[in-house]
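Remarks on the overall topology
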Amino acid sequence: MGVLAIAKGVNMSPRKVAVVAALVRGRTVDDALTILSHVPRASAVPVRKVIESARANADHNHRIKPETLVITEISVSPGVPLKRYRPAAQGRALPFKRRSSHIRVVVDGEARPTKKHAKSEEVKANKEAK
């Protein structure tokens, strides 16, 4: 079972973000964050944030040990482009698109054992006593 984190509408070209995503595909989360902290590309920042979000989701929502997490899937898809115009010669305007990206990260790891709460055991004992 994988834990998912998605960043939508990142204002960077998917082609540029995909280069950075390929660097960390299949690695552990700790290794990926170390690599991304040393990559001199602007697209490393949103990729790092999505991986950190996936790690937090796994720890908080799914009780998975953060040190055992591995990136099982990372994909970059094109988002909605913004249509803009650039000035050109002789008073013309030429169209261009400001591209955006969606970054999707799936991590998986070893689950922590669940703790049984003392209150729930007391409630069961009280119900059985009645």
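Above this text you will find the structure in question.
Quick summary incoming for the structure in this document. By convention here, each chain's residues receive numbers from 1 onward along its written sequence. Owing to the predicted nature of the model, reporting of local features is limited to residues with pLDDT of at least 70; listing and counting of side-chain atom pairs is limited to 80 or more, with chain, interface and lining totals taken over all residues. Water and hydrogen atoms play no part in the side-chain values, which are based on all heavy atoms of the structure.

1. Notes on the nonpolar core
Our working definition: For the purposes of this section, nonpolar cores are sets of buried Ala, Val, Leu, Ile, Met, Phe, Trp, Tyr and Cys residues that join through side-chain atoms within 4.5 Å. The buried label goes to any residue with under 20% of its type's maximum accessible area, the exposed label to any with over 50%, and the partly exposed label to all in between, with areas taken from a 1.4 Å probe on protein chains only. Numbering goes from the N terminus for both helices and strands, where a helix is a DSSP run of H or I of at least four residues and a strand is a run of E of at least two. We call two residues in contact when some of their heavy atoms are within 4.5 Å.
Grouped together as the largest cluster of nonpolar side chains are 26 residues, with contacts concentrated most on Val 47, Ile 51, Ile 71, Ile 103, Val 105 and Val 107. Among the secondary structure elements, those contributing two or more residues to this core are β1 (3-10), α1 (14-24), α2 (29-37), α3 (44-60), β2 (70-78) and β5 (101-108). In this structure, Ile 103 is in contact with Ala 5, Ile 6, Ala 7, Val 10, Val 17, Pro 46, Val 47, Val 50 and Ser 75, ignoring residues within four places of it in sequence.

2. Some points on the packing of α2 against α3
Applied cut-off: Under this scheme, a helix contributes an axis fitted over its contacting stretch, all axes are lines through C-alpha atoms, and angles between N-to-C directions fall in the 0 to 180 degree range. When an angle is under 35 degrees it counts as roughly parallel; over 145 it counts as roughly antiparallel; between 65 and 115 it counts as roughly perpendicular; any other value is oblique. A clockwise turn of the near helix away from the far one marks a right-handed crossing, whereas an anticlockwise turn of less than a right angle marks a left-handed crossing. Each residue is assigned to one class: nonpolar for Ala, Val, Leu, Ile, Met, Phe, Trp, Tyr, Cys and Pro, charged for Asp, Glu, Lys and Arg, and polar for all the others, Gly among them.
Where α2 contacts α3, the axes come no closer than 10 Å and their chain directions differ by 160°. It follows from the interaxial angle that α2 and α3 lie roughly antiparallel. Here the hand of the crossing between α2 and α3 comes out left-handed. Side by side, α2 and α3 meet where Val 29, Asp 30, Ala 32, Leu 33 and Leu 36 of the first sit next to Ala 44, Val 47, Arg 48, Ile 51, Glu 52 and Arg 55 of the second. Classifying every residue of the contact of α2 with α3 by side-chain character gives 7 nonpolar, no polar and 4 charged.

3. Here we look at the pairing of β5
Selection criterion: Paired strands, in this sense, are two strands between which DSSP finds at least two bridges.
With 6 bridges joining them, β1 and β5 adopt antiparallel strand pairing. What sits directly across from Leu 4, in β5, is Val 106. Note: β2 against β5, 8 bridges, orientation antiparallel. What sits directly across from Ser 75, in β5, is Arg 104.

4. Looking at the environment of Tyr 85
Of note, Tyr 85 is situated in strand β3 (residues 82-87). Look at Tyr 85 and you get exposed, because its relative accessible area is 60%. Placed 75 residues apart in sequence, Tyr 85 and Val 10 show a C-alpha to C-alpha distance of 20 Å. With residues up to four places along the chain from it excluded, the contact list for Tyr 85 reads Ala 93, Leu 94, Pro 95 and Phe 96.

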